[in-house]
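Residues per chain are reported as follows:
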Amino acid sequence: MRIQLQVALTHLTGRRRQTLVSLTGVVLGVAFFLAVSSLMRGSEQDFIKRLVDNSPHITVSDEVRRPRTQPAERRWADGAVKIRNLKPQTETRGIRGYREKLALIEAIPGLRVAPVLVGSAVLTFAGREEGVTLSGIVPETMKTVSTIQDKMIEGSLDALDVNPNGIVIGTGLAEKFNLGLGRNLTVVAASGASRAMKVVGLFRTGNAAVDETQTFTLLKRAQVLFERPNRVNRFLIQLDDAYAARTVAQRIEDAIGDKSVSWVEASEDILSVLVVRNIIMYSVVSAILLVASFGIYNTLSTIVLEKTRDIAILKSMGFHARDVRLIFLFEGVIIGIIGSLFGLAMGAGLMQALSQVQIKPPGVSEQVFLPIWWGAQQFALATAFAMTSCILAAWLPARRAGRVHPVEILRGAA
Amino acid sequence: MSAVLRAENLVRILPGEVPVTLVKDVSLAIERGEFICIMGPSGSGKSSLLYLLGLLDVPTSGQVWLDGEETSVYGEDDLANRRLEKLGFVFQFHFLLAEFSVIDNVTLPMRRLGRLDESAARARGLELLDRLGVVEQSAKHPHQLSGGQRQRVSIARALANDPLILLADEPTGNLDSVAGATVRQILKDLAHDMGKTVVAVTHDAAFAAAADRRIGIVDGKIDADWRAA
Ligand SMILES: Nc1ncnc2c1ncn2[C@@H]1O[C@H](COP(=O)(O)OP(=O)(O)OP(=O)(O)O)[C@@H](O)[C@H]1O
Ligand SMILES: [Mg+2]
């Protein structure tokens with residue numbers, strides 16, 4: 001064993017009680033750091049998973065971020081071109097040439113895409129009227145990009161294929177109208193066109209706003225109702241790797257020109273709240289380790305004072321200041337390693353206990369277990385934090401010990 | 001001119017509001033294998049001179065040559081290396097590490113130097129303890145030994161890296177006359193039989209009588225006429 005390490009060990013075992021107190025601080029610090037950060041990490045991932053699963057990863061809509069360049073601008077690319085009295089073309093709104101663009105997107109590997117025509121409509125039943133969002137879909141593709149099929153409690157999306165006059169609505173809306181599967185209601189589009197439609201499916205997502213205002217019908221039926229034949233105004237895209245959304249969205253927008261928004265962009269404000277939450281959480285759990293490192297500092301400072309004579313002997317013998325510093329840094333590291341090991345074990349125990357706890361979050365109907373993330377990253381992070389604070393805490397006493405001058409001590413002792 | 005240890009015009013002044021002169025203009029030369037005694041009244045600067053000769057302290061002016069090397073050019077770590085390889089210290093109080101066993105105390109300098117592996121260091125440590133007559137105590141801890149035994153362990157530790165020079169500050173100052181006589185004989189044998197240079201500060205007249213040469217220090221200066229009263 002290295003001599004510096006052996007001296008370090010005798011110092012720690014010589015002050016067993018104080019060493020144990022320091023150690024306890026590190027153990028608790030690591031355990032709480034691990035348990036709390038794993039819970040936060042778990043809930044964050046749970047949250048993002050919901051966000052990612054329940055919304056398209058990328059939504060392409062019939063908007064452009066920049067107006068189309070006018071021919072005059074193209075002709076005099078370097079000149080200052082002022083365009084006045086530009087008369088907007090009266091055109092059918094929607095994604096132009098959607099079939100070609102759809103084919104372009106489908107060619108990108110690792111994604112599934114569904115064309116949708118979204119518009120607003122008013123449903124009337126038994127004298128009651130409700131404004132809703134009516135999405136014209138192709139059931140076959142819609143099922144690949146949305147979880148709506150899993151949320152069906154009666155009927156199915158496929159029933160739309162069988163009955164072109166079918167409509168799928170949420171349970172919230174069904175309760176408002178007080179109707180059930182198989183009933184007919186009237187759909188009136190903004191253009192004034194109206195049609196009687198039959199409820200062929202009911203879904204419940206748990207999100208009240210969706211359940212009360214979202215409805216689905218066949219794409220063809222919606223095109224007729226909204227008087228926009230051969231048009232869609234959305235592509236909903238689901239990726240194999242949700243985290244690639246930003247780059248894939250950019251790629252699609254570059255390719256087809258229509259605005260493509262990834263879920264990351266759409267939920268930027270929510271994600272920034274998560275960042276703030278993480279900062280708060282890490283400050284709090286680090287504070288425990290900070291307190292623990294004060295304990296270590298205190299213990300090691302006491303040992304330096306107590307062992308000044310030993311340090312003087314070692315230095316008179318030919319030990320360098322560096323060797324002496326190393327002794328005390330080793331002491332910090334030993335406390336750090338043992339504290340981390342026990343802390344990780346205790347933290348894992350805490351995590352196990354927490355993962356048994358059931359809660360009922362608002363807006364969710366069933367009980368769920370606390371989401372704990374068991375990733376190795378949090379274990380590594382807790383250990384790294386603990387080791388860093390232990391070494392920092394040992395640094396000042398180590399430096400003081402390294403500066404002990406043997407002659408001063410010998411003069412005092414003789 | 002084969003002096004193993006030479007000092008030229010050594011001066012050591014403690015700086016402060018009232019600077020204190022510990023050593024004044026000391027020059028001396030010590031040959032290999034000599035057994036030298038430094039004597040003088042209490043507070044005259046003997047220990048201070050020994051610290052300078054032992055490279056523990058740095059002179060305010062003047063030079064120390066150790067084994068032919070002028071040492072004022074060395075930094076703190078170089079001086080430590082010279083102490084580790086060429087010098088051994090024995091003090092009035094034994095200065096052993098309390099938590100280490102006797103053998104671990106003796107092997108400490110060897111392990112720091114790192115020339116011997118652990119088992120070889122241990123074997124050498126036991127051999128030294130045996131030569132000093134305390135090998136039976138090797139597994140004990142310092143507090144379980146008598147004063148004389150501790151001082152012999154200290155000498156064994158000072159000899160660990162086979163130094164050129166052994167520096168001792170009142171090595172018998174804390175011992176009764178029998179134990180003191182043993183330690184004195186050991187140091188004398190080290191010089192005369194093993195060719196070690198021994199420089200010892202002492203108040204003990206019998207000790208001084210055993211030495212090859214006596215250097216008197218009064219008021220920080222060499223005083224050739226000084227005789228123990
Ligand atoms: N830190 C200090 N501040 C001021 N004076 C000091 C200090 N240390 C030592 N001295 C003085 O320096 C002088 C030399 O001390 P030193 O220990 O070398 O004497 P010594 O000959 O070894 O004495 P003794 O025989 O009692 O051991 C003494 O007069 C002492 O009072
Ligand atoms: Mg003295």
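What you see is a predicted model; the values in this text were computed from it and never measured. (Residues numbered from 1 in each chain as written. Chains lettered and ligands numbered in written order. Predicted model: local features only at pLDDT ≥ 70, side-chain atom pairs only at ≥ 80, totals over all residues. Heavy atoms only, no water.)

**Quick word on the nonpolar core**
Consideration 1: Counting 81 residues, the largest nonpolar core has A:Phe328, B:Leu10, B:Leu49 and B:Ile165 as its most contacted members.
Consideration 2: Per element, the largest residue contribution to this core is nine residues, and it comes from helix α14 (residues 321-354) of chain A.
Consideration 3: Every residue in contact with B:Leu10, bar those within four places of it in the chain, is listed here: B:Val23, B:Lys24, B:Asp25, B:Val26, B:Leu49, B:Leu52, B:Leu53, B:Pro59, B:Ser61, B:Gly62, B:Gln63 and B:Val64.
Consideration 4: In terms of nonpolar packing, the next biggest core, distinct from the first, is built from 48 residues, A:Val60, A:Ile108, A:Ala249 and A:Ile256 among them. (Core = buried A, V, L, I, M, F, W, Y, C linked by side-chain atoms within 4.5 Å. Buried < 20%, exposed > 50% of the residue type's maximum accessible area, 1.4 Å probe, protein only. Helix = DSSP H or I, 4+ residues; strand = E, 2+ residues; numbered from the N terminus. Contact = heavy atoms within 4.5 Å.)

**Side note on the packing of aromatic side chains**
Residue and element names in this part refer to chain A.
Consideration 1: One pass over the full model with this rule turns up nine aromatic pairs over all chains.
Consideration 2: Ring geometry for Phe33 against Phe385: centres 4.8 Å apart, planes inclined by 40°, an arrangement best described as tilted. Taken together, the positions of Phe33 in helix α2 (residues 16-54) and Phe385 in helix α15 (residues 376-402) put the pair 352 residues apart, joining distant regions of the chain.
Consideration 3: When the ring of Tyr98 is compared with that of Phe235, the centres are 6.5 Å apart and the planes differ by 50°; the resulting orientation is tilted. Here Phe235 lies in strand β9 (residues 234-239) and Tyr98 lies in helix α4 (residues 98-106), a separation of 137 residues in the sequence. Each member of the pair Tyr98 and Phe235 is classed as buried.
Consideration 4: An aromatic cluster is built from Phe33, Tyr282 and Phe385, whose rings are joined through pairwise contacts. (Phe/Tyr/Trp six-rings, centres within 6.5 Å; stacked < 30°, edge-to-face > 60°.)

**A look at the site of ligand 1**
Consideration 1: B:Ser42, B:Gly43, B:Lys46, B:Ser47 and B:Ser48 are the nearest of the 14 residues found near ligand 1.
Consideration 2: Looking at the residues close to ligand 1, they fall on chains A and B.
Consideration 3: Side-chain polar atom of B:Ser42 to an oxygen atom of ligand 1: 2.6 Å apart, as the coordinates give it.
Consideration 4: Between an oxygen atom of ligand 1 and a main-chain N or O atom of B:Gly45, the distance comes to 3.0 Å.
Consideration 5: Starting from 640 Å² of accessible surface for ligand 1 in isolation, the protein chains cover 60%.
Consideration 6: If you tally residues by element for the shell around ligand 1, the top one is helix α1 (residues 46-53) of chain B, at three residues.
Consideration 7: Considering only residue class, the shell around ligand 1 consists of four nonpolar, seven polar and three charged. (Near = heavy atom within 4 Å. Polar contact = N/O pair within 3.5 Å; in protein donor to acceptor, adjacent residues only side chain to side chain. Areas by Shrake-Rupley, 256 points an atom, 1.4 Å probe, with all protein chains shown as cover. Nonpolar A, V, L, I, M, F, W, Y, C, P; charged D, E, K, R; others polar.)

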